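# Summary of the model geometry
This is what each chain is made of:
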Amino acid sequence: MIELRDFRKEVAPEAVQCPGAMIDRAVLRAAIDFCRYTLCWRYTLDPIRAVDGTAEYELDMPNCSRIETVKFAQHNDLEILPTTEQELVDEGGEEGGDSTWRTTEADQASHYYMPERGLLRIYPIPDTTTAKALDVVVALKPDQSAEDLPNILYNDHLEALGHGALAKLKAMPGKPWTALEEVAYHTNAFLEAKRNEKAERLNDYTRDSSLYV
């Protein structure tokens, strides 16, 4: 992880007299936006113990991060697929509040969804307790209190975050660093960087892929 203050060098020369704390805040907001759009910050959780009769599992994240989405999950070494609560309701024929799928148990889960960020619900509910049964890979974003950012943002996307931060700072009215005529330039450069990284991520950084954004 890299401290937020280390990102200032990309912003401070073009935001003269801007306080360091304000630069840090603009960089953090740009980083959150970048990670949400590109899903570039991936994290593999420690294997999770599946418990007999338990459908929901809290996902243990690194400090100062939040889950944007689950990218992959498996139960007992078999991949389980994303779904939604409404899809399970529709398929289960839920009527008048009575639902079968909410209590169905089996030795192997087939689907998952997140009723809230950081909480994974699997279906069917495990009917046995198994150590290290759930493997989950997530895409993360920094939370609002983050003071450090992942290495990938510094090593690969420092310039992009600089554009994102400057787009916000230069749009602030009445500041020594205000430059409304430059906002569009930085906004477009940031958007282009996000699109490029999203395409690279979709291709898993494989140049031969034909996927694009």
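See the structure above.
A short tour of the structure in this document, coming up. (Residues numbered from 1 in each chain as written. Predicted model: local features only at pLDDT ≥ 70, side-chain atom pairs only at ≥ 80, totals over all residues. Heavy atoms only, no water.)

## Structural notes on the packing of helix α3 (residues 151-169) against helix α4 (residues 180-202)
Following both chains from N to C, one finds α3 and α4 inclined at 140°, their axes separated by 8 Å at the closest point. The orientation of α3 relative to α4 falls into the category oblique. Like other packed secondary-structure pairs, α3 and α4 cross with a definite hand, here left-handed. Along its contact with α3, which presents His-157, Ala-160, Leu-161, His-163, Gly-164, Leu-166 and Ala-167, the element α4 presents Val-183, Tyr-185, His-186, Thr-187, Ala-189, Phe-190, Ala-193 and Glu-197. (Axes fitted to C-alpha atoms, helices over the stretch in contact; angles between N-to-C directions. Helix = DSSP H or I, 4+ residues; strand = E, 2+ residues; numbered from the N terminus. Parallel < 35°, antiparallel > 145°, perpendicular 65-115°, else oblique. Left-handed = near helix turned anticlockwise from the far one by under 90°. Contact = heavy atoms within 4.5 Å.)

## Some details on the pattern of salt bridges
Here the structure, examined in full by the defined rule, presents nine salt bridges. Salt-bridge contacts for Glu-68 lead to Arg-36; the nearest nitrogen and oxygen are separated by 3.9 Å. In this pair, Glu-68 sits in strand β5 (residues 65-75) while Arg-36 sits in helix α1 (residues 20-38), placing the two residues 32 residues apart along the sequence. In this structure Glu-68 comes out as buried when scored by relative accessible area, which is 17%. For Arg-36, a relative accessible area of 47% gives the class partly exposed. A salt bridge links Glu-85 to Arg-102; the shortest N-O distance between them is 2.9 Å. Of the two residues, Glu-85 sits in helix α2 (residues 85-92) while Arg-102 sits in the loop between α2 and β8 (105-106), which places them 17 residues apart along the sequence. Under the relative-accessibility criterion, Arg-102 is labelled partly exposed at 29%. Residues joined by salt bridges that share partners form a network here, namely Arg-36, Glu-68, Arg-117 and Lys-141. (Salt bridge = Lys/Arg side-chain N within 4 Å of Asp/Glu carboxyl O. Buried < 20%, exposed > 50% of the residue type's maximum accessible area, 1.4 Å probe, protein only.)

## Considering the side chain of Lys-141
Turning to its location among the elements, Lys-141 is positioned in strand β12 (residues 130-142). Take Lys-141: its relative accessible area is 9%, and that puts it in the buried class. Only 3.1 Å separates the side chain of Lys-141 from the side chain of Glu-68, close enough to count as a polar contact. If we ignore the near neighbours within four places in the chain, the residues touching Lys-141 are Ile-32, Cys-35, Arg-36, Trp-41, Ser-65, Arg-66, Ile-67, Glu-68 and Arg-117. (Polar contact = N/O pair within 3.5 Å; in protein donor to acceptor, adjacent residues only side chain to side chain.)

## Quick notes on the nonpolar core
Among the nonpolar cores identified, the biggest contains 48 residues, and Val-27, Leu-59, Val-138, Leu-149, Leu-153 and Leu-161 are the most heavily contacted of them. For this core, the secondary structure elements donating two or more residues are α1, β3 (48-50), β5, β10 (119-123), β12, α3 and α4. The biggest single contributor to this core is α1, with nine residues. Leave out the neighbours within four places in its chain, and Val-138 touches Trp-41, Arg-42, Tyr-43, Leu-45, Leu-59, Met-61, Ile-67, Thr-69, Val-70 and Lys-71. (Core = buried A, V, L, I, M, F, W, Y, C linked by side-chain atoms within 4.5 Å.)

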